[in-house]
Amino acid sequence: MPRVKRMKVVVTFPSTVQALKMEQCCKRDGLDGRLIPVPKQISAGCGMAWAAVPDSKTALEIMISQEGIEVEGVYELLL
Amino acid sequence: MIYLDSAATSLYRPAQVVEAVCRALTTLGNSSRGTHTAALTGARMIFETRQMLSNLFHGDGPEQVVFTANSTESLNMVVKGILTPGDRVVTTVMEHNSVLRPLYEMERQGICLEIVGTDDLGRLDMAAMRQAIDFGARAVFCTHASNLTGNINDIRKIGGWCREAGTLFVVDASQTAGIFPIDMQEDFVDVLCFTGHKSLMGPQGTGGLCVRKGLQVRPLVTGGSGIKTFDKIHPLQMPEALEAGTLNGHGISGLKAAIAFIQEQGMDTLRIKEQNLAREFYQRAQDIPGIRFYGDYSVMERAPIVALNLGDEDSAEVSDWLAREYEICTRPGGHCAPLMHRRFGTEAQGIVRFSFSNFNTMDEVEATISALRNY
């Protein structure tokens, strides 16, 4: 099946621990998404980012704030 | 075989530790190096272990837990990562060479080192410690328990003095992590150094340090971090700042299972069992002719260690005889604790150290006492 690009909200972090904390909190709260390698549009240089559907952006930002997760940026990208 | 050398390393381990390591060997990718299934399996396991350790020691969160190969690496990292020439530093005669040698190395580079002594039972001179802290120091490096005598230090009191004086408090928990309660907040600990393979019952090659948030430790080693590949400098973010290169994921899997075992069984239950074994051994050994003990056995709260000599017999000969004749494993010699031996005057004779695990039994205690009576 050919690859179809879709809009996604992508969250990046200063360290992998914060990325894994994000995954754990999202799983706990039933927020869909998954860890992906950081896309080159954001930064070339490895690391993990959290990718989810754009509709979940607000919910993610609330959770990030409530849990004190350290993020570098929140982006909307076609991936 | 009767293994009474758990202060050197745990030989008896929960079955789930072995199973976890075996499983990890065939399922774990490289943590923080990509997001495929195997890499994430490794990353999640290591993250969860950080959380467990931070909870165990009441640290400042998983990002402040750094993995190393052992306590020695952790202590070197802290000694060389927070001290600079001109600093005044306080430590004790109860320390292991993993603390003393890095400090001596820094002394040659210009730190001023004060070493607080003990009384005849090997108990820390708390008045002298208080005075040394009040005099002003960059940091205090103090063991939680002597690896030779098992004597415990009151880290809460020392930590309180350090916090009042604005002195960093670094604790070596090699003999106590996992089996004695340690609370970095209540005990005012800035850096806690631990090894995974002793009282925590994990595999060798695991250890780490918990660092108070906001305290910058300069890295000993730099290199691959899984993030910020194109930067010329190693990342400053914790824990990557202090973790260059691939972590020992296989070992950490075992450590995670060991912590889970301790939580299931209850730290207090395990510690009390070990202390009872050591106490029984001490009490039953008292009437052996010529026996001499080292340490304070008047208190219950001590690491499960009994340190002794038989008359003027060479500790190496006694330990070797126990191993050869009875397959009883003990540790003779200096135990990497040169100042404690100097304090006891046992540099030449050494000391025979018996250290107990919660997997030991009263029958093994009895068999060891019988063996000692035959020497």
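Keep in mind that what you see is a predicted model, and the values were worked out from it rather than measured. (Residues numbered from 1 in each chain as written. Chains lettered and ligands numbered in written order. Predicted model: local features only at pLDDT ≥ 70, side-chain atom pairs only at ≥ 80, totals over all residues. Heavy atoms only, no water.)

Turning to helix 1 (residues 15-27) of chain B, a few remarks are in order. All names here are of chain B. In this model helix 1 runs 18 Å from its N-terminal to its C-terminal C-alpha over 13 residues, within 8% of the 18 Å that 1.5 Å per residue would give. If you check which residues of helix 1 are buried, you get Val17, Ala20, Val21 and Ala24. Taken down its axis, helix 1 places every buried residue within 95° of arc, on the same side. Away from its buried face by more than 90 degrees, helix 1 exposes Arg23 and Thr26. Check the buried side of helix 1 and you find it contacts helix 7 (249-265). (Helix = DSSP H or I, 4+ residues; strand = E, 2+ residues; numbered from the N terminus. Expected span 1.5 Å × (residues − 1). Buried < 20%, exposed > 50% of the residue type's maximum accessible area, 1.4 Å probe, protein only. Arc of directions from axis to C-beta. Contact = heavy atoms within 4.5 Å.)

Another point: the UniProt feature "domain: Aminotransferase class V" (unreviewed entry) in chain B. Mapped onto the present numbering, the UniProt feature "domain: Aminotransferase class V" (unreviewed entry) falls on residues 2-367 of chain B. Across residues 2-367 of chain B, helical content stands at 38% and strand content at 14%; the span's end C-alpha atoms are separated by 9 Å. (UniProt positions renumbered as here; feature names shortened; annotations may be inferred.)

Next up on the list: the pattern of salt bridges. All names here are of chain A. Considering all chains together, one arrives at 29 salt bridges over all chains under this definition. Where Lys27 meets Glu23, a salt bridge forms, and the shortest distance between an N and an O atom there is 3.9 Å. With Lys27 and Glu23 both in helix 1 (residues 16-29) and 4 residues apart, this pair spans about one turn of that helix. Given the relative accessible area of 6%, Glu23 is considered buried. A salt bridge links Arg28 to Glu67; the nearest nitrogen and oxygen atoms lie 2.8 Å apart. With a gap of 39 residues between them, Arg28 in helix 1 and Glu67 in helix 2 (residues 57-67) connect regions that are remote in the sequence. A relative accessible area of 31% means that Glu67 is categorised as partly exposed. (Salt bridge = Lys/Arg side-chain N within 4 Å of Asp/Glu carboxyl O.)

As a further point, take the environment of B:Gly136. All names here are of chain B. By the element assignment, Gly136 lies in the loop between helix 5 (126-134) and strand 5 (139-143). Overall, the relative accessible area of 32% leaves Gly136 in the partly exposed class. Sequence separation between Gly136 and Val18 is 118 residues; the distance between their C-alpha atoms is 47 Å.

The next point concerns the domain arrangement of chain B. All names here are of chain B. Split into domains, chain B comes out as domain 1 (15-265) and domain 2 (266-373). Its C-alpha centre places domain 1 at a distance of 27 Å from the equivalent point of domain 2. Contacts between the two partners involve 35 residues from domain 1, matched on the other side by 29 residues from domain 2. When the two sides are added together, the surface that domain 1 and domain 2 hide from each other amounts to roughly 2600 Å², 63% of it contributed by carbon and sulfur. (Domains from an automatic or database assignment. Buried area = accessible area lost by both parts, 1.4 Å probe.)

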